[in-house]
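Close look at the chain arrangement
Each chain, written out:
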Amino acid sequence: LRDFVLSRRHLVIISGAGASTESGVPDYRSPKGSYAKGHRPTNYQEFMTSLYHRQRYWARSMAGWKHFFSVDPNSTHHAVYSLEAMGHISGIITQNVDRLHTKAGSTNVIELHGNNETVICTSCKTVSPRLAFQKKLEAVNSMWIQRYGKPGSEDTSNGGTQQPRTTRPDGDVDLGQVDYSSFEVPLCDACAEAPPLDLAPGQARGIIKPTVVFFGENVASNVVEAARDLIRNADGVLVLGTSLMVYSSYRFAKQADELNIPMWMVNIGPTRADGLPNVQGKIEARTGEMLPLILAGTS
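Residues numbered from 1 in each chain as written. Predicted model: local features only at pLDDT ≥ 70, side-chain atom pairs only at ≥ 80, totals over all residues. Heavy atoms only, no water.

Considerations on the pattern of salt bridges
In plain terms, the rule: A pairing counts as a salt bridge when a side-chain nitrogen of Lys or Arg comes within 4 Å of a carboxyl oxygen of Asp or Glu. Each helix is a run of DSSP H or I of at least 4 residues and each strand a run of E of at least 2, with the numbering of both proceeding from the N terminus. Each residue is assigned to one of three classes by its accessible area relative to the maximum for its type, calculated with a 1.4 Å probe on protein chains only: buried under 20%, partly exposed between the two thresholds, exposed over 50%.
Going through the model one piece at a time under the given rule, you end up with nine salt bridges. R99 is the salt-bridge partner of E111, the closest N and O atoms lying 2.8 Å from each other. Taken together, the positions of E111 in strand β3 (residues 109–111) and R99 in the loop between β2 (89–94) and α5 (100–103) put the pair twelve residues apart, joining distant regions of the chain. Of the residues examined, R99 reaches a relative accessible area of 24% and is grouped as partly exposed. Where R232 meets E225, a salt bridge forms, and the shortest distance between an N and an O atom there is 3.0 Å.

Set out below in structure tokens:
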């Protein structure tokens, strides 16, 4: 693996949740991941057509946002940045929405599923900081917070006994048995003052959504094409911490294989790309353990 990486000048990284677990961000598919606990990701159609699902999402996101954005890059992100600075890596295709590659210093990062640092109005497409929306959520839900707990606090809904909240990969938390119907979700200020439109049943003008790709939502075509361009110009692909079970990421491993681009993988457990002919090797280990070993002795 070390020889493979250090001999490349246009290596493309495909990273997933396993690259961020050592920063304290949970994953979906590991034995102790979110799916194993019965969680399921937010569905785009449900979010757009159901006020209840928006109330539920934003209440849980408000509670988990402080922790999600307090995490720091780990040895994986730092090693990837170092290899990029040394001229080995040409770009990163990540499924993660935590921006930890960017925080570590990497510059050419394609966020397949967006990021959780901003929100977007689904009507007028205005993008604004997630922090500003967080403050607005807390301001209009002061009574709700007083009843169910301050964002970032422990769960006290079970008879006043503090229980650690379960953080999920997208930054929200499991709040237990709470009443979401009284949670207020602000709409886009500009759109709320605009003339009414004919909308689909259940939809409203000015719905605010995080700039992440929900389950059932398509990755933007320009993002897909940018990732395809990276692969076309690659002299190798390194898969880090992802099973590639979701087609949105697997397609790039498949593209690399069709172009006869050599690949290595570092991931605990099976991946969808295990049988591809151009996979030269796979190591089942934590990415944060393996990546620093590649750098050992290079300085």
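Once you've had a look at it, read on.
Quick word on the confidence of the model for the chain
To keep things clear, this is the line we draw: A score between 0 and 100, pLDDT records how confident the predictor is in each residue. In this description, contact between two residues means that some pair of their heavy atoms is separated by no more than 4.5 Å.
A residue-level look at the chain finds 84% of positions with pLDDT of 70 or above and a mean pLDDT of 87. This model gives residues 154–164 a pLDDT under 50, and the stretch forms twelve contacts once residues within four places in sequence are excluded.

Describing the sheet that holds β2
As a reminder of what qualifies: Paired strands are those between which DSSP finds at least two bridges. Axis definition: a line fitted to C-alpha atoms, limited for helices to the stretch in contact. Angles are taken between N-to-C directions and run from 0 to 180 degrees.
Taking strand neighbours across the sheet as the criterion, the six strands line up as β3-β2-β1-β11-β12-β13 in an open arrangement whose pairing is parallel. Only two strands of the sheet have a single neighbouring strand rather than two, namely β3 and β13 (279–283). Across the sheet, the mean angle separating the axes of adjacent strands is 15 degrees when strand polarity is ignored. When strand β11 (residues 236–240) meets strand β12 (residues 263–266), the two strands line up parallel, connected through four bridges. Looking at the pairing, L238 lines up with W264 of β12. Running at roughly 150 degrees to β2, helix α4 (residues 75–85) makes contact with β1 (11–15), β2 and β11 of the sheet.

What about the packing of aromatic side chains?
Counted only if it meets this: Only the six-membered ring of Trp is used, alongside the rings of Phe and Tyr, when aromatic pairs are assigned; centres must lie within 6.5 Å, and planes under 30 degrees apart are stacked while those over 60 apart are edge-to-face, with the rest tilted. Placement of a charge over a ring requires the Lys NZ or Arg CZ to be within 6 Å of the ring centre, with the centre-to-atom vector within 35 degrees of the ring normal.
Per the stated rule, a full pass over the model turns up eleven aromatic pairs. Judged by centre distance (5.4 Å) and plane angle (70 degrees), the ring pair of Y57 and F214 falls under edge-to-face. Of this pair, Y57 sits in helix α3 (residues 51–68) while F214 sits in the loop between β10 (208–212) and α9 (221–232), and the two are 157 residues apart along the sequence. For F214, a relative accessible area of 5% corresponds to the buried category. Every member of this aromatic cluster is reached through a ring pair, and the members are F47, Y57, W58, F133 and F214. The lysine or arginine in question, K209, covers the ring of F214, its NZ or CZ lying 4.8 Å from the ring centre.

Section: the state of the cysteines
In plain terms, the rule: What counts as a disulfide here is a pair of cysteine sulfur atoms lying within 2.5 Å.
Counting across every chain of the model gives zero disulfides. The structure places no disulfide on C124, whose sulfur is separated from the nearest cysteine sulfur, that of C121, by 3.6 Å. Judged by its relative accessible area of 34%, C124 falls in the partly exposed class. As a non-bridged cysteine, C188 has C191 as the owner of its nearest cysteine sulfur, 3.8 Å distant.

Some details on the pairing of β1
Looking down a regular strand, the side chains alternate between one sheet face and the other. Of all five residues that make up β1, five are buried, and the element is covered over most of its length. Of the two faces of β1, the one carrying L11, I13 and S15 and the one carrying V12 and I14 are both buried. Alignment of β1 against β2, held across five bridges, turns out to be parallel. Pairing of V12 across the sheet is with G91, part of β2. Bridging between β1 and β11 involves five bridges; their strand directions are parallel. Each bridged residue has a counterpart across the sheet, and for S15 the counterpart in β11 is L240.

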